[in-house]
Structure formats: C-alpha cells, structure tokens
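Residues per chain, in single letters:
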Amino acid sequence: MKITRSDHGKTIELPKGADLVLELEENPTTGYRWQLLDFAPHTVAIVQSEYRAGPGKGAGAGGLRCFHLELKGTGTIPLRAKLLRAWEGDNSILERFEATLLVK
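Here is what the cut-offs are and how they apply
Note on numbering: residues in each chain are counted from 1, in written sequence order. This being a predicted model, a pLDDT of at least 70 is required before a residue's local features are given, and a value of 80 or more before pairs of side-chain atoms are given or counted; all residues contribute to the totals for chains, interfaces and linings. Side-chain numbers here rest on the full set of heavy atoms in the structure, without hydrogens or water. Strands qualify as paired when DSSP identifies two bridges or more between them. Only runs of H or I of at least four residues qualify as helices and only runs of E of at least two qualify as strands under DSSP, and these elements are numbered from the N terminus. To obtain an axis, a line is fitted to C-alpha atoms, over the contacting stretch when the element is a helix, and the angle between two such axes runs from 0 to 180 degrees between their N-to-C directions. A carboxyl oxygen of Asp or Glu within 4 Å of a side-chain nitrogen of Lys or Arg is what we treat as a salt bridge.

## Thoughts on the sheet that holds strand S2 (residues 11-14)
Thought 1: Pairing within the open sheet is mixed, and its four strands lie in the order S2-S8-S7-S4. Edge strands, defined here as strands with exactly one partner in the open sheet, are S2 and strand S4 (33-36). Looking at each pair of strands side by side, their axes are set apart by 25 degrees on average, direction ignored.

Right, here's the structure in full:
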C-alpha cells in the first residue's frame, strides 16, 4: 500500500506483515530531507529509503522520498516524519507528516 501527503492526519487499517510505502515530496538539493521518527523495533521495520527524482525535471528540481516499511507487529502505530535540515536540528523543521496505522 502507498501512503502520501494526502493521508496526513488519517487512520489507516492494514494487515500485519503488509508492505507499506510512504511517499513524500522532497528536494534534497535544498538540504531539507524527510526523517521518520522512531518506531518500536517490533512493530515496523524500515526496509529501504530512496529518493526518486521527478520525471523530466532538471537538476535541482524536487522528487519523492520513498520509505519502504514492513509492518511486523499489531496495534495502533503512529507514523510520523519531519522535513528538516538534519545539521540544523528541529529549529529547521518545515513540515511534519502524521498518520496512525491500525495494524490487525
């Protein structure tokens, strides 16, 4: 299943073991990148994080940050991310993403 910015604030039901992709717009040339906030290790595994440049866009244009996740546990799991410049810390946060996963 794919989750995007349009799912911000929603509760999403998924089966245990499901593969989930969180896609958020990002332009890493600005220094701002999405970071996932910590999960309990028995609930979610981050399988991969990759950046996909937008189709037909030139250098410096934005694309998508794709987090590939595996749902290992059950229950209510917060899915939270922040867009920031890591070296500047939380003072540089431009945007946040939050959703609730209800894993059965």
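From this point, the discussion proceeds with the structure in view.
## So, the sheet that holds strand S6 (residues 63-71)
Thought 1: Spatial ordering of the open sheet is given by S1-S3-S6-S5, a layout of four strands whose pairing is mixed. Edge positions in the open sheet fall to strand S1 (2-3) and strand S5 (44-53), since each of these has one partner strand only.

## Thoughts on the pattern of salt bridges
Thought 1: Applying the stated criterion to the full structure yields ten salt bridges.
Thought 2: For Lys2, the salt bridge goes to Glu23, with nearest N and O atoms at 3.8 Å. With Lys2 in strand S1 and Glu23 in strand S3 (residues 19-26), this pair connects stretches of sequence that are 21 residues apart.
Thought 3: One salt bridge connects Asp90 with Lys82, and the closest N-O pair in it is separated by 2.7 Å.

Function-wise, these values are silent; they only describe arrangement.
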